[in-house]
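What follows is the residue order along each chain.
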Amino acid sequence: MASTAAAHNVTEGDAGYIQEIWGVNIIPFMYLGAKHMVTGYDHILFLLGVVFFLYKMKDVGIYVSIFALGHSTTMLAGVWFGWGVNAYIVDAIIGLSVVYKALDNLGAYQRWFGFQPNTKAATLIFGLFHGTGLATKILDYEIASEGLLPNLLAFNIGVEIGQVLALGVILIVMGYWRRSPAFLRQAYIANVVMMTLGFILVGVQITGFFVA
């Protein structure tokens, strides 16, 4: 289960393609980056949590940009400098990021501890972990050194394109949902479900770590 639940995995076909090509391949790597983001359910869950109660596009833009800065930094640096991290551990932390954001949306920290953590700092920190998870998986496929930097930049641009596409769908759905009189009640349930999914991701990855 842990191997199939790793949201940062590159499919066998894409992995084979990455290993066979060399030189600068801008469009293919942009496609792979966009595909990764759109199919990366841990990214989508965290992104949903981040924008769940953001009603102004300005605020959405700020938080999404902070998240993008975080995961872009560690993805590029991690692959370029070869910073490998155990995939199970980093994916477990990414699962915790979903749990953290769901609890934040539920107002748990204010009730439990009497203070509100800095949401922007948390978004940046977890963005760094999301990027580290992606870099760890990319390193497994040993991309050719020829054209590495342009290909990585293209991949990152693709990731941002995928993020914008996913965000667009989320905002459209949220826009209609928020008009419902039952939104606040359903929002509580939705964040409990999100928190549960995060814990499941953590459990699966920790189990995978010990089994492996």
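Student: Where do I start with empty space enclosed by the protein in this structure?
Tutor: Rolled over the atoms, a probe sized like a water molecule indicates the empty space that remains. Inspection of every chain in the model, using the stated rule, returns two cavities of 30 Å³ or more. The space that makes up the second largest cavity amounts to roughly 30 Å³. Residue lining of the second largest cavity: M37, H43, H71, M75, H130, G131, L134 and V159, and that is the complete set. Elements that contribute at least two residues to the lining of the second largest cavity include exactly α5 (57-81) and α8 (119-139). Residue composition of the lining of the second largest cavity, by class: four nonpolar, four polar and no charged.

Student: Hey, could you run me through the environment of N86 in this one?
Tutor: Mapped onto the fold, N86 is located in the loop between α5 and α6 (87-105). Note on N86: relative accessible area 36%, which makes it partly exposed. A C-alpha to C-alpha distance of 8.5 Å links N86 and F209, two positions 123 residues apart in sequence. Within the structure, the side chain of N86 is placed 3.0 Å from the backbone nitrogen of Y88, a separation counted as a polar contact. There is a polar contact of 3.2 Å between the side chain of N86 and the backbone nitrogen of I89.

Student: Mind showing me how you'd approach the pattern of salt bridges here?
Tutor: Oppositely charged side chains can pair when the atoms bearing their charge come close. Tallying each qualifying case throughout the model produces one salt bridge. Two residues, D104 and K101, come together in a salt bridge whose shortest N-O distance is 2.8 Å. Placement of both D104 and K101 in helix α6 is noted, with a separation of three residues, approximately one turn of the helix. Residue classification places K101 among the buried residues on the basis of a relative accessible area of 7%.

Student: It is not clear to me how the packing of aromatic side chains should be interpreted in this structure. Could you clarify?
Tutor: Geometry of an aromatic ring pair is reported as the spacing of the ring centres plus the angle between the planes. Here the structure, examined in full by the defined rule, presents 13 aromatic pairs. Ring plane angle 65° and centroid distance 6.0 Å describe the contact between F46 and F126, whose orientation is recorded as edge-to-face. Placement of F46 in helix α4 (residues 41-51) and of F126 in helix α8 is noted, with a sequence separation of 80 residues between them. Both residues of the pair, F46 and F126, belong to the buried class. An angle of 20° between the planes, with centres 6.0 Å apart, marks the rings of F52 and F183 as stacked. Residue F52 is found in the loop between α4 and α5, and its partner F183 is found in helix α10 (residues 183-211); the two are separated by 131 residues along the sequence. For F52, a relative accessible area of 0% corresponds to the buried category. Among the aromatic side chains, those forming a connected cluster through ring pairs are F46, F67, Y100, Y109 and F126. Here the guanidinium or amino end of R178 rests over the ring plane of Y55, the centre of that ring lying 4.4 Å away.

Conventions used here
Residues numbered from 1 in each chain as written. Predicted model: local features only at pLDDT ≥ 70, side-chain atom pairs only at ≥ 80, totals over all residues. Heavy atoms only, no water. 1 Å grid on protein atoms, 1.4 Å probe; cavity = no way out; pocket = protein on both sides within 12 Å on 5 of 7 lines; lining within 4 Å. Points joined across faces, edges and corners; volume = space filled by probe spheres on them. Helix = DSSP H or I, 4+ residues; strand = E, 2+ residues; numbered from the N terminus. Nonpolar A, V, L, I, M, F, W, Y, C, P; charged D, E, K, R; others polar. Buried < 20%, exposed > 50% of the residue type's maximum accessible area, 1.4 Å probe, protein only. Polar contact = N/O pair within 3.5 Å; in protein donor to acceptor, adjacent residues only side chain to side chain. Salt bridge = Lys/Arg side-chain N within 4 Å of Asp/Glu carboxyl O. Phe/Tyr/Trp six-rings, centres within 6.5 Å; stacked < 30°, edge-to-face > 60°. Lys NZ or Arg CZ within 6 Å of the ring centre and 35° of its normal.

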